[in-house]
Amino acid sequence: MAAGSQNLQGRRVLVTGGASGIGAAIARRLAADDAAVVIADIQGDAAARLGDEIAGTGIPLDVTDFERVAESVAQHGPFDILVNCAGVDQHAFFTQTAPNDWRRLLAVNLESVFNTTHAVLPAMQAAGWGRIVNVASEAGRLGSRGGSVYAAAKGGVIAFTRSIARENGRKGITANVVAPGPIDTPLLRQAVGDAGDKLLGAMTGATLAGRLGTPDEVAAAVAFLVSESAGYVTGEVLGVSGGMGCGA
Ligand SMILES: NC(=O)c1ccc[n+]([C@@H]2O[C@H](COP(=O)([O-])OP(=O)(O)OC[C@H]3O[C@@H](n4cnc5c(N)ncnc54)[C@H](O)[C@@H]3O)[C@@H](O)[C@H]2O)c1
């Protein structure tokens, strides 16, 4: 284990959206901390490759599918730790979006969190120990110009996580949110699209650090929140955003 690592030996972890970007960094980091990691991603081949690389397991899974999520958790669980990281974004002003866009953004960013939490919680409650970390976004606290529905979904993730924290605080289970700011990943590059340089400039300008973050910086925050040492931290939103959410 590297310096600063948490000992997660014997812990079984489910990371959704773990085939790419922030989720892949989280899967690598938690595996380096000795957890047994299952990566669930709609990109099944990429999940399987990363699973092999980190001596874990990668499975194809659409996290919007309630039944398939339940089946996968029954097959590969039970899990001590759940990290919800699957997400999609779309840069468009609200009047340029349509109900189909809303449904897709809400299904992948919010309903997926209901699906996985519903599947993993009973075993955590029975064990009297659990860690849930949901990767939301500073957009969920601050709103987002050109990302209203995404921001609404992430705001929903924050309210849901706090509710789960309230329901399970006395059962040894913590539930927290990590709220990234602009992190250099495929999702960010795709979301900004043609307006790339201008939008990225505006995003970095909105941080106190004046730069994009890295997936490893988000993974370090998750590694703390899922650790034994973080047992008295629950219902919190931890910004990993170069100070973008400072004061929110
Ligand atoms: N990159 C950023 O700047 C940023 C900022 C704030 C929040 N976030 C959040 O961080 C999380 C990870 O984003 P990222 O930047 O690493 O993006 P990414 O596109 O690199 O990774 C997202 C992953 O989610 C998977 N995914 C998408 N739909 C899925 C589905 N239906 N079922 C299963 N897996 C699915 C994708 O295949 C991909 O592997 C997302 O929830 C995103 O909203 C990212």
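Residues numbered from 1 in each chain as written. Predicted model: local features only at pLDDT ≥ 70, side-chain atom pairs only at ≥ 80, totals over all residues. Heavy atoms only, no water.

## Overview of helix 4 (residues 99-127)
Convention followed: Here a helix means four or more residues in a row that DSSP labels H or I, a strand means two or more in a row labelled E, and each is numbered from the N terminus. Here, expected helix span is obtained from the residue count minus one, scaled by 1.5 Å. The angle between axes fitted to the seven residues ending at a residue and the seven residues starting there is what we call the bend at that residue.
The end-to-end C-alpha distance of helix 4, which contains 29 residues, comes to 41 Å, matching closely the 42 Å that a straight helix rising 1.5 Å per residue would cover. Alanine 107 marks the point of greatest bend in helix 4, at about 45°.

## What to know about the confidence of the model for the chain
Worth spelling out the cut-off: Here pLDDT means the predictor's own confidence in every residue, given as a number from 0 to 100.
Averaged over the chain, the pLDDT score is 95; the fraction of residues at 70 or greater is 98%. Mean pLDDT values over the elements of the chain span from 82, in helix 7 (residues 186-192), up to 99, in strand 4 (residues 81-84).

## So, empty space enclosed by the protein
What counts, and what does not: Lining residues are those with an atom within 4 Å of a point, where the points come from a 1 Å grid over the protein atoms alone and group into cavities, where a 1.4 Å probe fits but cannot get out, or pockets, open sets with protein on both sides within 12 Å along at least five of seven lines. Grid points are joined across faces, edges and corners, and a volume is the space filled by probe spheres set on the points. Note on residue categories: nonpolar means Ala, Val, Leu, Ile, Met, Phe, Trp, Tyr, Cys or Pro, charged means Asp, Glu, Lys or Arg, and polar means any other residue, Gly included.
Applying the stated criterion to the full structure yields two cavities of 30 Å³ or more. In this model, the largest cavity occupies a volume close to 50 Å³. Forming the boundary of the largest cavity are Gln90, Ala92, Thr97, Leu105, Gly147, Ser148, Val149 and Tyr150. Class assignment of the residues belonging to the lining of the largest cavity gives a composition of four nonpolar, four polar and no charged. Estimated volume of the second largest cavity: approximately 40 Å³.

## Some thoughts on the site of the ligand
Formally: We call a residue near a molecule or strand as soon as one heavy atom of that residue lies within 4 Å of the molecule or strand. Think of a polar contact as two N or O atoms within 3.5 Å of one another; within protein, one of them needs to be a possible hydrogen donor and the other a possible acceptor, and neighboring residues in sequence only count if both atoms come from side chains. Note that accessible areas follow from Shrake-Rupley with a 1.4 Å probe, and for residues the cover is restricted to the protein chains shown.
Taken together, 28 residues are adjacent to the ligand, and Ser20, Ile22, Asp41, Tyr150 and Thr185 come closest. Isoleucine 183 has a polar backbone atom sitting 2.8 Å from an oxygen atom of the ligand. Expressed as a share of its isolated accessible area of 820 Å², the protein-covered part of the ligand is 93%. Where the shell around the ligand is concerned, the elements lending two or more residues are helix 1 (21-32), helix 6 (148-168) and helix 7. Among the elements that take part in the shell around the ligand, helix 7 stands out by supplying three residues, more than any other. Of the residues contributing to the shell around the ligand, the split by class is 17 nonpolar, eight polar and three charged.

## Comments concerning the nonpolar core
Cut-off, in case you're wondering: Take the buried Ala, Val, Leu, Ile, Met, Phe, Trp, Tyr and Cys residues and link them wherever side-chain atoms come within 4.5 Å; each set so joined is a nonpolar core. Categorising residues by exposure relies on relative accessible area from a 1.4 Å probe, with only protein chains included: less than 20% of the type maximum marks a residue as buried, more than 50% marks it as exposed, and the intermediate range marks it as partly exposed. Throughout, a residue-residue contact means that at least one pair of heavy atoms, one from each residue, lies within 4.5 Å.
Within the largest apolar cluster, 34 residues are counted, with the highest numbers of intra-cluster contacts made by Val13, Ile26, Leu30, Val37, Val83, Val178 and Val226. At the level of elements, strand 1 (12-16), helix 1, strand 2 (36-41), helix 2 (44-53), strand 4, strand 5 (130-135) and helix 9 (215-225) are the ones that each hand at least two residues to this core. Valine 178 has contacts with Val133, Asn134, Val135, Ala136, Ser137, Val218, Ala221, Val222, Leu225, Leu238 and Val240, leaving out every residue within four places of it along the chain. The next biggest cluster of nonpolar side chains, apart from the first, holds 29 residues, and it includes Ile59, Leu121, Ile164 and Val237.

## Looking at the pattern of salt bridges
Heads up, the condition is: The salt bridge criterion pairs a side-chain nitrogen of Lys or Arg with a carboxyl oxygen of Asp or Glu, the two atoms within 4 Å.
Using the criterion set out here, one finds seven salt bridges in the structure. In this structure, arginine 11 engages glutamate 228 in a salt bridge whose closest nitrogen and oxygen atoms are separated by 3.3 Å. With a gap of 217 residues between them, arginine 11 in the segment before strand 1 and glutamate 228 in the loop between helix 9 and strand 7 (237-240) connect regions that are remote in the sequence. One salt bridge in this structure joins aspartate 33 and arginine 29, with 3.2 Å as the shortest N-O distance. For aspartate 33, a relative accessible area of 0% puts it in the buried group. Judged by its relative accessible area of 23%, arginine 29 falls in the partly exposed class.

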